[in-house]
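As a plain string of letters, each chain reads:
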Protein chains: 2
Amino acid sequence: MLNDTQQSEGSLRRKRSRQREKVLDIVRSTKSHPTADWVFHEVRKELPNISLATVYRNLNLLAESGEISEVICDGQLRFDANKEEHFHFICKSCKGIFDIDEARVTPDFKLPRGYVVQDLRIDFYGICPACQTQRS
Amino acid sequence: MLNDTQQSEGSLRRKRSRQREKVLDIVRSTKSHPTADWVFHEVRKELPNISLATVYRNLNLLAESGEISEVICDGQLRFDANKEEHFHFICKSCKGIFDIDEARVTPDFKLPRGYVVQDLRIDFYGICPACQTQRS
DNA sequence: CTATGTGCAAAGTGTTTGCAAATTT
DNA sequence: AAATTTGCAAACACTTTGCACATAG
């Protein structure tokens, strides 16, 4: 997987690139939870030669480093640069994704008027007991 | 999309099929949140001629009718026949999906020992105000 | 008998990868 | 100079579709 000239401990030192910075700018510029393809087209307006592969690579790098996060909606991978802890309301009709501030999620939590909730999904991400044991 | 001989109001009357019943059995037989491909291989043990396309078609039909639900993990579509309201713990290391009973999610909620939570995602699914208005 | 379901193979979608050239440090 | 990043095209994994035949009601 890694060849001899690369550092074996997984952390390549990142170099900056115009492309990656632009990708981040674009994701930050919107609250629309864009797809990779949308980002590609937007970035292309300013960097006409950028390729879709580069956009994917950079979205993945940015997600890995925590600068943006991935959101799955309707089987589609989307990206989100909102660093505040927040939750999502996903409309089954228009497939829109709307942000819900964490601040509103309290014991007397109510969604804004007009949002009709049909399903709730709560996913915890972390390390399970078995993997925890293997690591220590 | 629909031709003249079909009912226009979208609700074809379903016929039962051995294949669909087996697919449902298999999904119900496990708590492992299987992928379509895993289901395919399991069903194949009993119906050696079933095709992957049929498995996909039936998983979609079953999800549509609410008999199973779809879970996305790490960009992979998975299926779940657990009809109890419940949440998921997704291990970032082994990618395992573990069920968390809703009953445990109370004001003094704690995850079982050993689960280390790094991220929390809460997604509400439903109809947004704009779509609500269009419908009424 | 008629509509729905199936198997197969082909097409589609979204994403990743190998490589030589370009860029960053 | 050395290592990372890019653009391109090809590969990939997963899912859907078109069609002729089979099956359920």
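Before any of the text, the structure's been laid out above.
Residues numbered from 1 in each chain as written. Chains lettered and ligands numbered in written order. Predicted model: local features only at pLDDT ≥ 70, side-chain atom pairs only at ≥ 80, totals over all residues. Heavy atoms only, no water.

A. Expanded view of the overall build of chain A. Tallying secondary structure elements over chain A gives four helices and five strands in all. In chain A, the succession of α and β elements from N to C terminus is α-α-α-β-β-β-β-β-α. Burial statistics for chain A: of 136 residues in total, 37% are counted as buried. Residue pairs in contact within chain A that sit at least 24 positions apart in sequence constitute 37% of those at least 6 positions apart. Here chain A displays about 8900 Å² of accessible surface, and carbon together with sulfur accounts for 47% of that area. (Helix = DSSP H or I, 4+ residues; strand = E, 2+ residues; numbered from the N terminus. Buried < 20%, exposed > 50% of the residue type's maximum accessible area, 1.4 Å probe, protein only. Contact = heavy atoms within 4.5 Å. Areas by Shrake-Rupley, 256 points an atom, 1.4 Å probe, with all protein chains shown as cover.)

B. Broad picture of the packing of aromatic side chains. A full pass over the atoms with the stated rule returns six aromatic pairs over all chains. Pairing Phe89(B) with Phe98(B) gives two aromatic rings, centres 6.5 Å apart and planes at 55°, and the pair type is tilted. For Phe98(B), a relative accessible area of 26% corresponds to the partly exposed category. Ring centres of Phe98(B) and Tyr115(B) lie 5.7 Å apart, and the angle between their planes is 70°; on these two criteria the pair is classed as edge-to-face. Of this pair, Phe98(B) sits in strand β4 (residues 97-101) while Tyr115(B) sits in the loop between β4 and β5 (116-127), placing them 17 residues apart in sequence. One aromatic cluster is present, built from ring pairs that chain together Phe89(A), Phe98(A) and Tyr115(A). (Phe/Tyr/Trp six-rings, centres within 6.5 Å; stacked < 30°, edge-to-face > 60°.)

C. Seen up close, the side chain of His33(B). All names here are of chain B. Checked against the element boundaries, histidine 33 lands in the loop between α1 (18-28) and α2 (36-46). Histidine 33 gets classed as buried once you look at its relative accessible area, which sits at 2%. Here lysine 31 takes part through its backbone oxygen, which lies 3.1 Å from a polar atom of the side chain of histidine 33. Within the local environment of histidine 33, its side chain forms a polar contact with the side chain of histidine 88, the two groups lying 3.4 Å apart. When residues no more than four places from it in sequence are discounted, the contact partners of histidine 33 are Val71, Arg78, Phe79, Asp80, His86, His88, Ile97 and Asp99. (Polar contact = N/O pair within 3.5 Å; in protein donor to acceptor, adjacent residues only side chain to side chain.)

D. The arrangement of the sheet that holds β4(B) in detail. Here six strands make up an open sheet; going across it, the order is β4(A)-β3(A)-β5(B)-β5(A)-β3(B)-β4(B) and the pairing mixed. Bordering the open sheet on either side are β4 (97-101) of chain A together with β4 of chain B, each of which pairs with just one other strand. The average angle at which neighbouring strand axes cross in this sheet is 30°, direction not considered. Note that strand β3 (residues 86-91) of chain B and β4(B) share five bridges and pair antiparallel. (Pairing = 2+ DSSP bridges. Axes fitted to C-alpha atoms, helices over the stretch in contact; angles between N-to-C directions.)

E. Inspection of the protein's contact with DNA strand C at higher detail. Surveying the vicinity of DNA strand C reveals 24 residues, the closest of which are Lys15(A), Tyr56(A), Lys15(B), Ser17(B) and Thr54(B). When the atoms of DNA strand C within 4 Å of the protein are grouped by moiety, sugar and phosphate amount to 71% of the total. At a separation of 2.8 Å, a base oxygen of DNA strand C approaches a polar side-chain atom of Lys15(A). At 2.6 Å, a side-chain N or O of Ser17(B) approaches a phosphate oxygen of DNA strand C. Taken together, the elements giving at least two residues each to the surface near DNA strand C come down to α3 (52-64) and β2 (76-80) of chain A together with α1 and α3 (52-64) of chain B. Per-element accounting of the surface near DNA strand C gives the leading share, five residues, to α3(A). Split by residue class, the surface near DNA strand C holds seven nonpolar, nine polar and eight charged. (Near = heavy atom within 4 Å. Nonpolar A, V, L, I, M, F, W, Y, C, P; charged D, E, K, R; others polar.)

Shape is all these values report; function is a separate question.
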